[in-house]
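Next come the chains, spelled out residue by residue.
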Amino acid sequence: MGNDKQTLQVTADGKLKHLLTLEGLDKSFVSGLLDHATTYLRHAGTLPARDFGLQGRTVANLFFEPSTRTRASFELAAKRMSADVLNLDVNSSSRAKGESLLDTIHTLQAMQVDVFVVRDAGDGIPEFIARSVQPHVSVLNAGEAAVSHPTQGLLDMLTIRQHKNRLDGLKVTIIGDIGHSRVASSLYHGLHLMGDNEIRLVAPPGMQPDMGRFPGATLYEDADEAVSGADVLVALRIQRERIDDPSGIPSEDEYMVRYGLNAERVALAADDAIVMHPGPMNRGTEITGDVADGPQSVITQQVTNGLAVRMAVLSAAMESR
Ligand code: NCD
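Residues numbered from 1 in each chain as written. Predicted model: local features only at pLDDT ≥ 70, side-chain atom pairs only at ≥ 80, totals over all residues. Heavy atoms only, no water.

**Points about the site of the ligand**
Around the ligand sit R69, T70, R119, H149, Q152, R182, V183, R237, Q239, P278, G279 and P280, and that is every residue in its neighbourhood. Take T70: an N or O atom from its side chain is 2.9 Å from an oxygen atom of the ligand. At 2.7 Å, a side-chain N or O of R237 approaches an oxygen atom of the ligand. Relative to its free-state accessible area of 320 Å², the ligand is covered by the protein chains to the extent of 95%. Of all the elements in the fold, those that place two or more residues in the shell around the ligand are α3 (69-80) and α7 (182-194). Counted by class, the shell around the ligand contains three nonpolar, five polar and four charged residues. (Near = heavy atom within 4 Å. Polar contact = N/O pair within 3.5 Å; in protein donor to acceptor, adjacent residues only side chain to side chain. Areas by Shrake-Rupley, 256 points an atom, 1.4 Å probe, with all protein chains shown as cover. Helix = DSSP H or I, 4+ residues; strand = E, 2+ residues; numbered from the N terminus. Nonpolar A, V, L, I, M, F, W, Y, C, P; charged D, E, K, R; others polar.)

**Looking at the nonpolar core**
By size, the foremost hydrophobic cluster in this structure holds 83 residues, and its most contacted members are L154, I160, I174, L261 and L314. Sorting elements by how many residues they give to this core places helix α12 (residues 299-319) first, with ten residues. Per-domain counts for this core show at least three residues from each of domain 1 (3-148 + 303-319) and domain 2 (150-298). Residues in contact with L154, not counting those within four places in the same chain, are L19, L22, V30, L33, L34, V309 and V313. Of all hydrophobic cores here, the second largest spans 18 residues; its members include L8, L20, L62 and L108. (Core = buried A, V, L, I, M, F, W, Y, C linked by side-chain atoms within 4.5 Å. Buried < 20%, exposed > 50% of the residue type's maximum accessible area, 1.4 Å probe, protein only. Domains from an automatic or database assignment. Contact = heavy atoms within 4.5 Å.)

Any functional reading would require information beyond the geometric quantities listed.
Right, here's the structure in full:
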């Protein structure tokens, strides 16, 4: 990543203006962000955490790609930070009528939006918006093409840290459609930043990544080998919407046998290994129901952590004003 992008997302005095990528962020800043996120966690059944940090501010959620959990999580995070929240309905947005993205952004900016949360299928869109907004406005990347998904990376790191008490010296195996996954990229960026971790990648033909995106990681052919002794297992969804030619990819049954997380495969990992999935899950394809709901699964905890992380990111962005 160029220094340019880093200068754009972090102010001269180290504050987070925009969150475009985890690459290049300061390690102690990221640790502090995760610490801050934990202050927003509450026990189930009690009232959720509230903060008045964004009172009077406006957050616009612009999701130009489908999303359930990330969108709901950003909306609730902004509301629990006391912001006014605008969710743009993509199908009825002016962009669907041919208005340019920048015109949409400038229109909303004229209504005094302070934070844009953006998901888009286009590579470079969050950065492009960040370069065009007024200096007091922040842009948070909620999923950029197959490039990055920084708040997902943060929530994954927080979940791992809660269980392993560290983000260093871990064996982390990511299995599945890594080639089309922004989740894998951001988790890799985060783990790479935080310590010396052994990152193992295993992907079927047609879903293998360009390893230039994952310096120092190892690509495995065999899932059992990649899982053996691992501390953390991450299953990914097959991102069919990004696969132009599905003819080379395995059938769902073959995928489960060769790459799916089932109980036998999980048993090859460390005894205290955790099982993660960013959702949405396709049970029976990349993960079995018993593993997804089993004692090693931390999948619902990832969702809980996502909200806390997004509250902390919104708070950080406000501090950069
Ligand atoms: C992921 C995404 O959109 O990149 N989902 C999410 O944000 N939790 C993964 C996916 O869609 O498979």
